Amino acid sequence: MSNKNSNVLAIGIMFFLFAMISFVTGLQNPMGVIVKTQFGATNAMSQLGNLANFIAYAFMGLPAGMILKKYGYKVTSLAAVAVGFIGVAISFLSGVVESFPVYLTGAFVSGFSMCMLNTVVNPMLNTLGGGGNRGNQLIQLGGSLNSLAATIVPVFVGYLMGDIASAKISDANPALFIAMAIFALAFVIIFFSAIPEPELEAAKAAPAEKKEGLGASIKGALSHRNLLFGIIAIFVYVGVEVGIPNIANLYMTSALGISAATAGTIVGLYWLLMLCGRLLGGVVGGKISSKNMMAGVSSVAILLLLLGIFLPEGSNISLGFVGDGVVVPVKVLCFVLCGICTSVMWGSIFNLAVEGLGKYTSIASGVFMVMVCGGGILPYFQGLLADAFGYIESYWLIVAAVVYMLCYALFLSKPQPEE
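Just so we're clear, the structure is a prediction, and the values are computed from it rather than from any experiment.

Undergrad: How should I be thinking about the overall build of the chain in this particular structure?
TA: For the chain, the count of helices and strands is 18 helices and two strands. Scaling as 2.2 N^0.38, a compact globule of 419 residues should have a C-alpha radius of gyration of about 22 Å, and the chain matches this with 21 Å. By its C-alpha atoms, the chain is 65 × 45 × 40 Å across when sized along the principal axes. Out of the 419 residues in the chain, the part that is buried amounts to 58%. Of the contacts made within the chain by residues no fewer than 6 positions apart, 85% connect residues no fewer than 24 positions apart. Only carbon and sulfur atoms are counted for the fraction: they give 70% of the accessible area of the chain, which is about 15,700 Å². Considering the chain, the positive charge centre built from 18 side chains and the negative charge centre built from 16 side chains are found 11 Å apart.

Undergrad: How do you make sense of the pattern of salt bridges when you look at a structure like this?
TA: Two side chains with opposite charge may pair up if their charged atoms get near one another. A full pass over the atoms with the stated rule returns one salt bridge. With a shortest N-O distance of 3.6 Å, Lys168 and Glu98 are connected by a salt bridge. Taken together, the residues span a long stretch of sequence, with Lys168 in the loop between α6 (132-161) and α7 (173-191) and Glu98 in the loop between α4 (48-97) and α5 (100-128) at a distance of 70 residues. Using a relative accessible area of 42% as the deciding quantity, one classes Glu98 as partly exposed.

Undergrad: How should I be thinking about the environment of Gly32 in this particular structure?
TA: Structurally, Gly32 is set in helix α2 (residues 28-38). Overall, Gly32 belongs to the buried group, its relative accessible area being 1%. The sequence separation of Gly32 and Tyr73 amounts to 41 residues, and the corresponding C-alpha distance is 33 Å.

Undergrad: Is there a simple way to think about the packing of helix α12 (residues 290-310) against helix α18 (residues 395-412) in this case?
TA: For the pair α12 and α18, the least separation of the axes is 9 Å and the interaxial angle reads 160°. When the axis of α12 is compared with that of α18, the two are roughly antiparallel. Between α12 and α18 lies a crossing whose hand is left-handed. Contacts between α12 and α18 involve Lys291, Met294, Ala295, Ser298, Ser299, Ala301, Ile302, Leu305, Leu306, Ile309 and Phe310 from the former and Tyr395, Trp396, Ile398, Val399, Val402, Val403, Met405, Leu406, Ala409 and Leu410 from the latter.

Undergrad: What is the right way to look at α4 in this model?
TA: Look at α4: only 19 Å from first C-alpha to last across 50 residues, short of the 74 Å you get at 1.5 Å a residue. Count one or two residues on from α4 and you reach Glu98, which has phi positive near 50°.

Undergrad: Please clarify how the side chain of Ser91 should be interpreted in this entry.
TA: Residue placement: Ser91 occurs in helix α4. Leaving out residues up to four positions away in the same chain, Ser91 has contacts with Gly106, Ala107, Ile169 and Leu176.

Undergrad: For this particular structure, what's the right way to read the environment of Met294?
TA: Its place among the elements puts Met294 in helix α12. Judged by its relative accessible area of 0%, Met294 is buried. When residues no more than four places from it in sequence are discounted, the contact partners of Met294 are Met345, Ser348, Ile349, Met405 and Ala409.

Undergrad: Hey, could you run me through the nonpolar core in this one?
TA: Within the largest apolar cluster, 132 residues are counted, with the highest numbers of intra-cluster contacts made by Trp346 and Phe368. Take this core: its biggest share by element is 16 residues, from helix α10 (residues 225-255). The residues contacting Trp346, other than those within four sequence positions of it, are Phe18, Asn118, Asn122, Ile139, Ile234, Tyr237, Val238, Arg278, Phe368, Met369 and Val372.

Undergrad: Please explain the packing of aromatic side chains as it appears in this structure.
TA: Aromatic ring pairs are described here by two measures, namely the spacing of the ring centres and the angle between the planes. Under the definition given, this model contains 16 aromatic pairs. Taking the centre distance of 5.0 Å and the plane angle of 90° together, the rings of Tyr270 and Trp271 count as edge-to-face. Here Tyr270 falls in the buried class, since its relative accessible area comes to 1%. Residue Trp271 is classed as buried on the basis of its relative accessible area, which comes to 8%. Each ring, one from Tyr380 and one from Phe381, has its centre 5.8 Å from the other, and the planes form 75°; the classification is edge-to-face. Judged by its relative accessible area of 24%, Tyr380 falls in the partly exposed class. One aromatic cluster is present, formed by Tyr237, Trp346, Phe350 and Phe368 through successive ring pairs.

Undergrad: Quick question: what am I supposed to make of a nonpolar patch on the surface here?
TA: Among the surface-exposed residues, Phe187, Val188, Phe191 and Phe192 lie close enough to one another that they form a single nonpolar patch of about 430 Å² accessible area. With respect to the helices, strands and loops of the structure, Phe191 is situated in helix α7.

Undergrad: Can you walk me through the side chain of Ser77 in this structure?
TA: Secondary-structure assignment places Ser77 in helix α4. Judged by its relative accessible area of 0%, Ser77 is buried. Once you skip the residues sitting within four places of it in the chain, Ser77 turns out to touch Leu17, Leu117, Val120 and Ile190.

Undergrad: Would you mind showing me how to read helix α16 (residues 361-370) here?
TA: Helical geometry note: an α-helix holds 3.6 residues per turn, so side chains three or four residues apart project in the same direction. Among the 10 residues of α16, 10 are classified as buried, and the element is accordingly described as predominantly covered. Taken as a whole, α16 has its buried residues at Thr361, Ser362, Ile363, Ala364, Ser365, Gly366, Val367, Phe368, Met369 and Val370.

Undergrad: Which parts of the structure should I look at to understand the packing of α2 against α10?
TA: Packed helices, taken two at a time, are described by the angle between their axes plus the distance between the axes. Close contact between α2 and α10 brings their axes to 9 Å; oriented N to C, the two are set at 40°. Taken together, the axes of α2 and α10 are oblique relative to one another. Our pair here, α2 against α10, has a crossing hand that is right-handed. Mapping the contact onto sequence places Asn29, Pro30, Val33 and Lys36 in α2 and Pro245, Asn246, Asn249, Leu250, Thr253 and Ser254 in α10.

Undergrad: I'm lost on the state of the cysteines in this one. Help?
TA: Disulfide: a covalent bond connecting the sulfur atoms of a pair of cysteines. Evaluation of the coordinates by the stated rule reveals zero disulfides. For the unlinked cysteine Cys334, the closest cysteine sulfur is that of Cys338, found at 7.8 Å. We note that Cys373 lacks a disulfide partner, and the nearest cysteine sulfur, in Cys115, lies 9.6 Å from it. The exposure class assigned to Cys373 is buried, which follows from its relative accessible area of 7%.

Rules used in this analysis
- Note on numbering: residues in each chain are counted from 1, in written sequence order.
- Note on the predicted model: pLDDT of at least 70 is required for a residue's local features to be given, and 80 or more for side-chain atom pairs to be given and counted; whole-chain, interface and lining totals, by contrast, use all residues.
- To obtain the side-chain values, all non-hydrogen atoms of the structure were used and water was disregarded.
- Secondary structure follows DSSP: runs of H or I at least 4 residues long count as helices, runs of E at least 2 residues long count as strands, and numbering of each begins at the N terminus.
- It is over C-alpha atoms that the radius of gyration is taken, and the globule rule equals 2.2 Å times the number of residues to the power 0.38.
- The rule is simple: take the accessible area with a 1.4 Å probe, protein chains only, and divide by the maximum for that residue type; under 20% is buried, over 50% is exposed, in between is partly exposed.
- In this description, contact between two residues means that some pair of their heavy atoms is separated by no more than 4.5 Å.
- Residue exposure ignores everything except the shown protein chains as possible cover, and the areas themselves are Shrake-Rupley values with a 1.4 Å probe.
- Only four residue types enter the tally: Lys and Arg on the positive side, Asp and Glu on the negative side, with His and both chain ends excluded.
- The atoms used to mark charge sites are NZ of Lys, CZ of Arg, CG of Asp and CD of Glu.
- Here a salt bridge means any side-chain nitrogen of Lys or Arg lying within 4 Å of a carboxyl oxygen belonging to Asp or Glu.
- To obtain each axis, a line is fitted to C-alpha atoms, and for helices this fit is confined to the stretch in contact; angles are then taken between N-to-C directions over 0 to 180 degrees.
- These descriptions rest on fixed angle ranges, namely under 35 degrees for roughly parallel, over 145 for roughly antiparallel, 65 to 115 for roughly perpendicular, and the rest for oblique.
- If you view the pair so one helix is near and one far, a crossing is left-handed when the near helix is turned anticlockwise from the far one by less than a right angle, and right-handed when it is turned clockwise.
- A helix is expected to span 1.5 Å multiplied by its residue count minus one.
- Residues belong to one nonpolar core when they are buried, are Ala, Val, Leu, Ile, Met, Phe, Trp, Tyr or Cys, and are joined through side-chain atoms within 4.5 Å.
- Classification of ring pairs uses Phe, Tyr and Trp, with its six-membered ring standing for Trp, and accepts pairs whose centres are within 6.5 Å; under 30 degrees between planes counts as stacked, over 60 as edge-to-face, and the remaining range as tilted.
- Patch construction takes residues with relative accessible area above 30% that form no salt bridge. Like charges are linked within 9 Å, and nonpolar side chains (Val, Leu, Ile, Met, Phe, Trp, Tyr) are linked within 5 Å.
- Any cysteine sulfur atom paired with another within 2.5 Å is treated as part of a disulfide.

As structure tokens, then:
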């Protein structure tokens, strides 16, 4: 009974951390609109904060995996929330001094925290669920809270910034204060909570086993083809998840003249659909394999993206729930509907990638996190394409990425260690 209660508490804490990851990461979406106005940034430059946030994963992914392996889930979580508080504080300072470089620094430091938290949350939920479909189910349920936070952020900050023409980073201060308060509260909760440490306990139980170096651990992990192709899948996935709403936000505010509050609400709908998808994924995740789930949603996403690209500009739809008289191109709605598809991709890819890795799970999680930098790199290149060819044309990059994920699910995810 004690172990069961401990697991329930640990799952609750991991769900809480999942929400924190999205809240802080999601700030970079509306911030892109703000810095484009305040500093006269191009579409590509407006994505630099997002790039800084995600490129931190490339620097911190492996160290986070090693910290997790050596010190366990609790210590890694505490370090992560402390770094997160510092990162958001720097973002607040950037509004005080009105400095774009300081803003980018805050986004970069926050990215270290998000990487560490992701390194903890995903393997912990997968372990607590016993791997397989049940592990995927817990990740999907935790991801629903992640999506809830992501839904709130663009809507909240959109209303805070008011008139786009005069928007400044300081307008987002209430959101930054909330983020800092969340980090402080999380630190206290985690500090006084008992979190299971299955891998540390296993290591103590086998003291005579020869320790494997970092290089050997990485090589051993990557000898599993499902991880090797899986880290590429997660690289393009995070870029897809972030790029779809970020560029849609810029398209609506810059090309269509839609207000920041309205555009933020529409982008919030994308994250709300991710919330619904993850809740549904959590319900059916124990019955449908990650492979089938991934293949199904990838196919639907490709269809929606192609519709969004090819539908004529004049095809509009009135969104009464957003506000009276708000008319949006149907193509934007197609991009937003992709949220229901991207919702379950993270958990499915992670579950497929670490299947059968055993002792390499911790270091694999670190390698996995390195590739999350795709969430900054792909949207930046999509921004470059938007500058060169147009907002809608930039979505061809997203189509190519989703096609790869479909191939991963169908052909490349089968566990098969390389000889």
